[in-house]
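Structural characterization, general
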Amino acid sequence: MSNEPAATPTPSDFIRDIVAQHVADGKYAGIVTRFPPEPNGYLHIGHAKSICLNFGIAREFGGVCHLRMDDTNPTKEEVEYVDSITDDVRWLISGWADHVLRYKRVGDTTAQRVEPGEGTEPFYASDYFQQLHDYAVALIKAGKAYVCDLTPAQTDEYRGSPDKPGRPSPFRERSIEENIALFARMKAGEFPDGARTLRARIDMTSPNVWLRDPLLYRIRHAAHHHAGDAWCIYPLYDYAHCLSDSIEGISHSVCTLEFDVHRALYDWILENLPVPQPRPHQYEFARLNLTYTVMSKRKLMQLVKEGLVSGWDDPRMFTIRGLRRRGVTPEALRAFAIGVGVTKFNSLTEVAVLEHAIREDLNQRALRRLGVLRPLKVVITNLPAPVTCQATNNPSDETAGTRDVAFTRELWIEREDFMEDAPPKFFRLKPGGEVRLKYAFIIKCDEVVKDAAGEVVELRCTADLDSKSGGPNAGRKVKGTIHWVSAEHAIDAEVRLYDRLFTEADPEEDGRDFKTVINPHSLEVVTAKVEPSLADAKPAERYQFERLAYFALDKDSQPGRLVFNRTITLKDAWAKEAKKV
RNA sequence: UGCCAGAUGGUGUAACGGUAGCACAAACGACUCUGACUCGUUUUGUCUAGGUUCGAAUCCUAGUCUGGCAGCCA
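Computed from a predicted model, the values in this text were never measured in an experiment. Starting from 1, residues in each chain are numbered consecutively following that chain's sequence as written. Here every chain gets a letter starting at A, and every ligand a number starting at 1, in the order they are written. A pLDDT threshold of at least 70 governs which residues receive local features in this predicted model, and a stricter bar of 80 or more applies before side-chain atom pairs are shown or counted, although totals over entire chains, interfaces and linings include all residues. Values reported for side chains reflect all heavy atoms of the structure, with hydrogen atoms and water molecules removed beforehand.

1. Section: the protein's contact with RNA strand B
Note the following rule: Whether a residue is near a molecule or strand is decided by its heavy atoms; if any one of them lies within 4 Å of it, the residue is near. Think of a polar contact as two N or O atoms within 3.5 Å of one another; within protein, one of them needs to be a possible hydrogen donor and the other a possible acceptor, and neighboring residues in sequence only count if both atoms come from side chains. Under the DSSP-based scheme used, a helix requires at least four consecutive residues in state H or I and a strand at least two consecutive residues in state E, with every element numbered from the N terminus.
Neighbouring RNA strand B are 70 residues; R368, R428, S469, K477 and R547 lie closest to it. Within 4 Å of the protein, the contacting atoms of RNA strand B are drawn from sugar and phosphate to the extent of 67%. At 3.1 Å, a side-chain N or O of E350 approaches a base nitrogen of RNA strand B. Interatomic distance of 3.4 Å between a side-chain N/O atom of H356 and a phosphate oxygen of RNA strand B. For the surface near RNA strand B, the elements supplying multiple residues, two or more each, are helix 5 (152–159), strand 9 (215–219), helix 12 (351–365) and helix 13 (573–580).

2. Regarding the nonpolar core
Quick reminder of the rule: As used in this record, nonpolar core signifies buried Ala, Val, Leu, Ile, Met, Phe, Trp, Tyr and Cys residues forming a set joined through side-chain atoms within 4.5 Å. Burial classes follow relative accessibility: with a 1.4 Å probe on protein chains only, a residue under 20% of its type's maximum area counts as buried, one over 50% as exposed, and anything between as partly exposed. In what follows, residue pairs with any heavy atoms lying within 4.5 Å of each other are defined as contacts.
Counting residues in each nonpolar core, the largest one holds 43 residues, and the members touching the most others are I45, I51, F55, V89, L290 and L333. Mapped onto this core, the elements with two or more residues apiece are helix 2 (45–60), strand 2 (64–69), helix 3 (79–93), strand 3 (101–105), helix 10 (320–326), helix 11 (330–339) and helix 12. Ignoring anything within four residues of it in the chain, the contact list for L290 reads I45, M295, F318, F336, L348, T349, E350, V351 and L354.

3. A short note on the pairing of strand 17 (residues 402–407)
Note the cut-off: In this scheme, strands are said to pair when DSSP sees at least two bridges between them.
Side chains of strand 17 alternate between two faces, with R403, V405 and F407 buried and T402, D404 and A406 left unburied. Pairing of strand 16 (residues 387–392) with strand 17, which is carried by 6 bridges, proceeds in the antiparallel orientation. Counterpart to A391 in the pairing with strand 17 is R403.

4. Side note on the state of the cysteines
A covalent bond bridging the sulfur atoms of two cysteines is what the word disulfide describes. How we decide: Any pair of cysteine sulfurs within 2.5 Å is marked as a disulfide.
This structure, assessed with the given rule, holds 0 disulfides. Here C52 is not disulfide-linked; the sulfur of C65 is the nearest cysteine sulfur, at 11 Å. Here C389 stays free of any disulfide, with the sulfur of C461 as its closest cysteine sulfur at 15 Å. A relative accessible area of 1% places C389 in the buried class.

5. So, the pattern of salt bridges
Side chains carrying opposite charge are able to pair once their charged atoms draw close together. Put simply, the rule is: Here a salt bridge means any side-chain nitrogen of Lys or Arg lying within 4 Å of a carboxyl oxygen belonging to Asp or Glu.
Across all of its chains, the model carries 54 salt bridges by this definition. A salt bridge links E178 to R174; the shortest N-O distance between them is 3.8 Å. Exposure remark for E178: the relative accessible area of 36% places this residue in the partly exposed category. One salt bridge in this structure joins R500 and E355, with 3.6 Å as the shortest N-O distance. Taken together, the residues span a long stretch of sequence, with R500 in the loop between strand 24 (491–498) and strand 25 (523–530) and E355 in helix 12 at a distance of 145 residues. The partly exposed category is assigned to E355, whose relative accessible area is 24%. Put simply, D313, R325, E494, R496, D554, K555, D556 and R561 are held in one network by salt bridges that share partners.

6. Some remarks on the sheet that holds strand 27 (residues 549–553)
For the record, the criterion: The axes used here are C-alpha line fits, helices contributing only the stretch in contact, and every angle between their N-to-C directions lies in the interval 0 to 180 degrees.
Spatially, the 7 strands line up as an open sheet ordered 13-26-27-28-24-25-14, and their pairing is mixed. Taken across any chain shown, the strands that pair with only one partner, and hence form the sheet edges, are strand 13 (367–369) and strand 14 (371–372). Sheet topology note: the strand 27/strand 28 (residues 562–569) ladder contains 5 bridges and is antiparallel. Note that in strand 28 the partner of A552 across the bridge is N565. Helix-sheet contacts for helix 12 involve strand 13, strand 27 and strand 28, and the interaxial angle to strand 28 is about 125°.

7. Details of the sheet that holds strand 8 (residues 197–200)
Read from one edge to the other, the open sheet built from 4 strands follows the order 7-8-9-10, with strand pairing classed as antiparallel. Edge positions in the sheet fall to strand 7 (145–148) and strand 10 (233–235), since each has one partner strand and no second. Across the sheet, the axes of successive neighbouring strands diverge by a mean angle of 20°, strand direction being ignored. The sheet contact formed by strand 9 and strand 10 spans 3 bridges and is antiparallel. By the bridge assignment, I219 is partnered in strand 10 with I233.

8. Side note on helix 4 (residues 129–141)
Put simply, the rule reads: Here the expected length of a helix is defined as 1.5 Å per residue gap, with one fewer gap than residues.
Between its first and last C-alpha atoms helix 4 spans 18 Å; for 13 residues at 1.5 Å apiece the expected length is 18 Å, and the two agree. Three or more residues of helix 4 are buried, namely F129, L132, H133, Y135, A136, V137, L139 and I140. Buried residues along helix 4 sit in contact with strand 7, helix 6 (176–188), strand 8, strand 9, strand 10 and helix 7 (237–248).

9. So, the pairing of strand 25
Here strand 14 pairs with strand 25 via 2 bridges, running antiparallel. Following the sheet pairing, G371 is matched in strand 25 by V530.

10. Some points on the domain arrangement of chain A
As a reminder, the rule being used: Each domain's extent is set by a domain assignment, obtained either automatically or from a database.
Structurally, chain A comprises domain 1 (129–236), domain 2 (369–486) and domain 3 (492–580). With centres defined by C-alpha atoms, the gap from domain 1 to domain 2 works out at 75 Å.

11. As for the confidence of the model for chain A
Let me state the cut-off plainly: The predictor rates its confidence in each residue with pLDDT, a number between 0 and 100.
Of the residues in chain A, 98% reach a pLDDT of 70 or more, and the chain-wide mean stands at 96. Counting interchain partners and residues more than four positions distant, the pLDDT-below-50 stretch residues 1–7 has 6 contacts. Here the prediction assigns the complex a pTM of 0.96, and the interface score ipTM is 0.97.

12. Comments concerning the environment of N394
Considering the arrangement of structural elements, one finds N394 in the loop between strand 16 and strand 17. Remark: the alpha-carbon pair of N394 and V23, spanning 371 residues in sequence, is separated by 44 Å. Once residues within four sequence positions are removed from consideration, N394 is found in contact with N363, Q364, R365, A366, R368, A400 and G401. A polar atom in the side chain of N394 sits 2.8 Å from the side chain of S396.

13. Observations regarding the side chain of R68
Within the element layout of this structure, R68 appears in strand 2. At 2.7 Å, the side chain of R68 and the side chain of D245 are in polar contact.

14. Observations concerning the packing of aromatic side chains
Note the cut-off: Centres within 6.5 Å are what make two rings of Phe, Tyr or Trp a pair, Trp counting through its six-membered ring; a difference in plane orientation under 30 degrees is then read as stacked, over 60 as edge-to-face, and the rest as tilted. By definition, being over a ring means that NZ of Lys or CZ of Arg is both within 6 Å of the ring centre and within 35 degrees of the ring normal.
Per the counting criterion, the structure on display carries 14 aromatic pairs. Among the aromatic residues, ring-to-ring pairing joins Y543, F545, F551 and F564 into one connected group. Between R167 and the ring centre of Y158, over which it is positioned, the NZ or CZ distance is 4.1 Å.

15. Describing the side chain of E531
Its place among the elements puts E531 in the loop between strand 25 and strand 26 (543–545). What makes E531 buried here is its relative accessible area of 4%. At a separation of 2.7 Å, a polar atom in the side chain of E531 contacts the side chain of R403. Excluding its chain neighbours within four sequence positions, the residues that come into contact with E531 are R369, L370, R403, V405, V485 and I491.

Next up, the structure:
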């Protein structure tokens, strides 16, 4: 069953407008986009926006989209990240854009695109190292690149600053022959890390610092996770990215706003090399920011490394893996990522928007179940024998059917569904009051049993045996309905109740350290009493414990030991009402 | 006080010289065997100042504010 909203409007934004115009003009033979993560960390919800944009454009304009590892820095990248990124991307687009995803054959370095399958893998920028190298030689031969011997510190100093022009490197005027020879020796491994670089010869006085003879290659005697030991010089982002786009035949290279100033360099490189035409162009949009979270890989890494969360897939993390583990579906994440829109405005989106998308999705698909998080015993004093009740599996899906639940003399109800001194608007159980037990009977609280400390430990109630749900006299109305489970039949489950990781909407407001505003209550673990049908809970299934929240089975679950993650609570009007008092 | 980008309700986003709309949030109400869902109603907006025009969120000028840019990271 596809849970994509039936009437999802086709998104429209300034980038799609440009693509549409190019399609109308027939500028490119086909639309080819790409999602180019660096495999140095896990994907987060910000990447989800980019994935949905790039794959969305491809599917809407009859194009294709490459997954490409932007792996030009061997010291930071690992196969572990390649694998997780690939898995997350395929999960996110599943059932939506699988058909536009393109890979290449394992071992192929010519960017021949194929559909994913046996013997294929994502594209890698590192597959193009030889071509990139050859292009660099061409640049040198054209007098447009040179080998520079400045140290890193000197390079910085010569570059100047945004408001002060730089000055030329003393090595800027080396002869072409000398540059060719030196670059060859760099490649041959004759120099130590950092000793020399290859730089483009552009303009040391440009107001755009990225045009002040930017570095193209640096020396790194390090093995590469994909290219192996073949190289000891590695290209930098600006040089590798535009050419990788060109090599793969990308038409629209979409990235985030901070690359705006790099566009001039992107264009310079492609205009000064004999690349196929029409060449790709870069377009920038604003990255996603969400309230009550931090978004950069660096900060997420910090949370993981310092043990503030259990890992990259901690359900409190807004990594794609964390969201997955929490129980968010790809449909919900997509609906959100597409819904926030694409602009150049630096925005801060409220998490409420994400939460809404998750609830909307889960409300449609979740199986309803009865579960009590914080149990309080109820004894039905007048129940002659156990009774079987029929419960609806999913009110928004008739085909989900019903199931039987046992109603017995001893039950568990939610502790917070009883109040001894209840305000007038409290519609649940109170001494002498009546409430309906969902799918079962109306009960009346006759007696409150307390322990020596004065804490309520048991309620003794009588059921209106005539009021059974579905029965002839079920029509009698009481104001409240609460959930329950049979004490005899209920099974235990560990339930992890997650809340937002930060107490402040903007954890880094005024430059404060986000670690000072971590929510100490972002995880609470309880042992819940849940109905026995949940013993068969499946990882792919989603559940709503009625009146409480949506849950998904955690990977820590084992046969006989259930673990559920709370994906998101139901909206709770009573919580708001209770706060007013 | 260098260069680039941006500014529409609380938040996000439409309107492409012609009625400022949608979503989330908020408030109120209806319904309810989930205080959920659903439905209805309501509040709140074009950064400022000039100009062009019959008419400006949109075009022009000036200003204000915000973000980005000085890794041998991407």
